[in-house]
Amino acid sequence: MPLKILYRTLLLGSVLLLFLCKENKTNQEILLLTLSGDSLSVENSNQTCPKNVWNFSNVFLANKITEAPGATGIGFKDPSKAINGICGAGKLSGSLDVYSLQSSPSSTHCISNEKCIVLEWDNKKVKNADGIDFVVFENPFCLGGEANCEYSRFMEPIIVEVSIDRTNWCGWNPEYLGGTNESDKKNPNNWLRFAGVEPVLFHQENWIYSENDIFDKTKAGGDGFDLSDPNFGNDCNSSIKTQIQNDGFIFLRLTSAISRGFSYPNDSFDQTADIDGVVAKSVENR
Ligand SMILES: [Ca+2]
Ligand SMILES: [Ca+2]
Ligand SMILES: [Ca+2]
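Examining the coordination of the calcium ion (ligand 1)
Six octahedral donors at a metal ideally form angles of 90 or 180 degrees, and four tetrahedral donors ideally form angles of 109.5 degrees. Coordination of the calcium ion (ligand 1) by the protein involves Asn128 (OD1), Ala129 (O), Gly131 (O), Asp133 (OD), Asp133 (OD) and Asp226 (OD), with metal-donor separations of 2.4 to 2.5 Å. Given 6 donor atoms and angles of 52 to 173° at the metal, the environment of the calcium ion (ligand 1) is assigned as irregular. Spacing between the donor residues of the calcium ion (ligand 1) along their common chain follows N-A-x1-G-x1-D-x92-D. Judged on exposure class, the residue Ala129 and its partner Asp133 are both buried.

Section: the coordination of the calcium ion (ligand 2)
Coordination of the calcium ion (ligand 2) by the protein involves Glu138 (OE), Asn139 (OD1), Glu156 (OE) and Asp274 (OD), with metal-donor separations of 2.1 to 2.5 Å. Donor residues for the calcium ion (ligand 2) sit on one chain with the sequence pattern E-N-x16-E-x117-D. You can see Glu138 sitting in the loop between β8 (134–137) and β9 (141–142) and its partner Asp274 sitting in strand β17 (residues 274–275), a full 136 residues away along the chain.

With respect to the sheet that holds strand β12 (residues 170–171)
Sheets are built from strands paired through backbone hydrogen bonds, the pairs being either parallel or antiparallel. Taken in spatial order, the 5 strands line up as β4-β6-β16-β11-β12 in an open sheet, and their pairing is antiparallel. Sheet topology places β4 (64–67) and β12 at the edges, where each strand pairs with a single neighbour. The sheet contact formed by strand β11 (residues 158–163) and β12 spans 2 bridges and is antiparallel. Across the sheet, residue Val162 finds its bridge partner in β12, namely Cys170.

Overview of the packing of aromatic side chains
What the rule picks out here adds up to 17 aromatic pairs. Aromatic pair Trp121 and Phe249: ring centres 5.9 Å apart, planes at 80°, arrangement edge-to-face. Here Trp121, found in the loop between β6 (116–120) and β7 (124–126), pairs with Phe249, found in the loop between α4 (238–247) and β16 (251–256); they are 128 residues apart in sequence, far enough to count as distant. Exposure class is identical for Trp121 and Phe249. Each is buried.

Some remarks on the pairing of β6
Burial analysis of β6 places 5 of its 5 residues in the buried class, which makes it a mostly covered element. Taking every second residue as pointing to the same face, both faces of β6 are buried, with Cys116, Val118 and Glu120 on one and Ile117 and Leu119 on the other. Inspection of the sheet shows β4 paired to β6 by 3 bridges, in the antiparallel sense. Bridging across to β6, Ile65 finds its partner in Leu119. As judged from the 5 bridges shared by β6 and β16, these two strands associate in the antiparallel manner. Paired with Val118 across the two strands is Arg253, which belongs to β16.

What about the layout of surface pockets?
Counted as a void, the largest pocket has a volume near 550 Å³. If you go around the largest pocket, you meet 27 residues; those closest to its centre are Val197, Glu198, Lys217, Gly222 and Asp223. If you list the elements that add at least two residues to the lining of the largest pocket, you get β14 (191–192), α3 (217–220) and β15 (223–225). Split by residue class, the lining of the largest pocket holds 13 nonpolar, 5 polar and 9 charged.

Overview of α4
The complete set of buried residues in α4 reads Ile240, Lys241 and Ile244. Seen end-on, α4 carries its buried residues on one side only, within an arc spanning 105°. Projecting away from the buried face of α4 at angles above 90 degrees are the exposed residues Ser238 and Asn246. Along its buried surface, α4 packs onto β11 and β12. Trailing α4 by a residue or two, Gly248 shows a phi angle of about 100°, which is positive.

Considerations on the pattern of salt bridges
Summed over all chains, the structure comprises 18 salt bridges. In this structure, Lys186 engages Asp267 in a salt bridge whose closest nitrogen and oxygen atoms are separated by 3.9 Å. Here Lys186, found in the loop between α2 (182–185) and β14, pairs with Asp267, found in the loop between β16 and β17; they are 81 residues apart in sequence, far enough to count as distant. On the accessibility criterion, Asp267 (18% relative accessible area) is buried. With a closest N to O distance of 3.9 Å, Lys217 and Glu198 form a salt bridge. Taken together, the positions of Lys217 in helix α3 and Glu198 in the loop between β14 and α3 put the pair 19 residues apart, joining distant regions of the chain. Residue Glu198 is classed as buried on the basis of its relative accessible area, which comes to 17%. Residues joined by salt bridges that share partners form a network here, namely Glu114, Glu161, Arg253 and Arg260.

Calculation rules
- Every residue gets a number counted from 1 within its own chain, in the order that chain's sequence is written.
- Starting at A for chains and at 1 for ligands, labels are handed out in the order in which the entities are written.
- Only residues with pLDDT of at least 70 are given local features in this predicted model, and only at 80 or more are side-chain atom pairs given and counted; all residues enter the totals for whole chains, interfaces and linings.
- For the side-chain quantities, the full set of heavy atoms in the structure was used; hydrogens and water were omitted.
- Metal donors: N, O and S atoms at distances within 2.8 Å, or within 3.2 Å for Na, K and Ca, with water omitted from the atom set so that some sites may seem incomplete.
- Tetrahedral means four donors with every angle between 85 and 135 degrees, whereas square planar (four donors) and octahedral (six donors) require angles over 155 degrees between opposite donors and between 65 and 115 for all others; sites fitting neither are termed irregular.
- Throughout this description, buried means an accessible area under 20% of the type-specific maximum (1.4 Å probe, protein chains only), exposed means over 50%, and partly exposed covers the range between.
- Helix and strand assignments follow DSSP, with helices taken as H or I runs no shorter than four residues and strands as E runs no shorter than two, numbered in order from the N terminus.
- Whether two strands pair comes down to DSSP finding at least two bridges between them.
- Ring pairs are drawn from Phe, Tyr and Trp, using the six-membered ring of Trp, whenever the two centres fall within 6.5 Å, and their geometry is named by plane angle: stacked under 30 degrees, edge-to-face over 60, tilted for the rest.
- In this analysis a 1.4 Å probe is tested at points of a 1 Å grid over the protein atoms alone, and where it fits but cannot get out there is a cavity; an open set with protein on both sides within 12 Å along at least five of seven lines is a pocket; lining residues have an atom within 4 Å of a point.
- Grid points are joined across faces, edges and corners, and a volume is the space filled by probe spheres set on the points.
- Charged residues are taken to be Asp, Glu, Lys and Arg, nonpolar residues to be Ala, Val, Leu, Ile, Met, Phe, Trp, Tyr, Cys and Pro, and polar residues to be all remaining types, Gly included.
- Arc definition: directions from the helix axis to the C-beta atoms.
- Here, two residues are considered to be in contact whenever any of their heavy atoms come within 4.5 Å of each other.
- In what follows, salt bridge is the name for a side-chain nitrogen of Lys or Arg lying within 4 Å of a carboxyl oxygen of Asp or Glu.

Note that every value here comes from positions in space, so none of it alone points to a role or purpose.
Laid out in structure tokens, this is it:
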């Protein structure tokens, strides 16, 4: 680290600490501070995620922000982090290449005051392919090491919905099975059909498997959703549900579950979910 940067780091250390505590960005790796214009941004030395670089020709990254209410464009409130690529940090830490969902009273496609983002695939619609159709990569990680990962995680679950008109939204009937105690809330088995549950193993810069393996939870992590899931679309008009299943969807809405009355574990200081990116298996021109 150059001396100049070191001095800046010392000067800004307390600011960073407050920032990280507030934003709840737990990470065990070395953090680098960079000053860019008036904005303070934080990046992890092992987690560079080049903007607009996506080298997978048959895996389709959500690449357009339809609406990101409350976004400031600074740090974790920069919504481009949700479409710039995916740089997961593995089972034991959360990616910092993320957008922390914000809210606004004047949202139009997100629900007013809900922490939310709406994404799309530019000029494309996402089709119902074989099995999982898209995967949401948030930044949950195991608590107490990998041995405890099946029942103890740092999580900020997400409600997932899709639409063709941004008015009618169809979801997957997310369900929380646990009680109010912390161990229940940290247990991934209690959160059914939410995103933000599976740690993100996929990092676009060091992927050694096939493109199709990005949809394999055991290799890539992330939370996959299938338009043919029997739980899909029971909350929306049946003709719209059928249209989406047969012809695909255009808009993806991701909402922090806490905005819909689900309770997050106490270790979530900022009480909102973080989006690293979303990929789809099959897209087609609109
Ligand atoms: Ca499918
Ligand atoms: Ca998170
Ligand atoms: Ca990202």
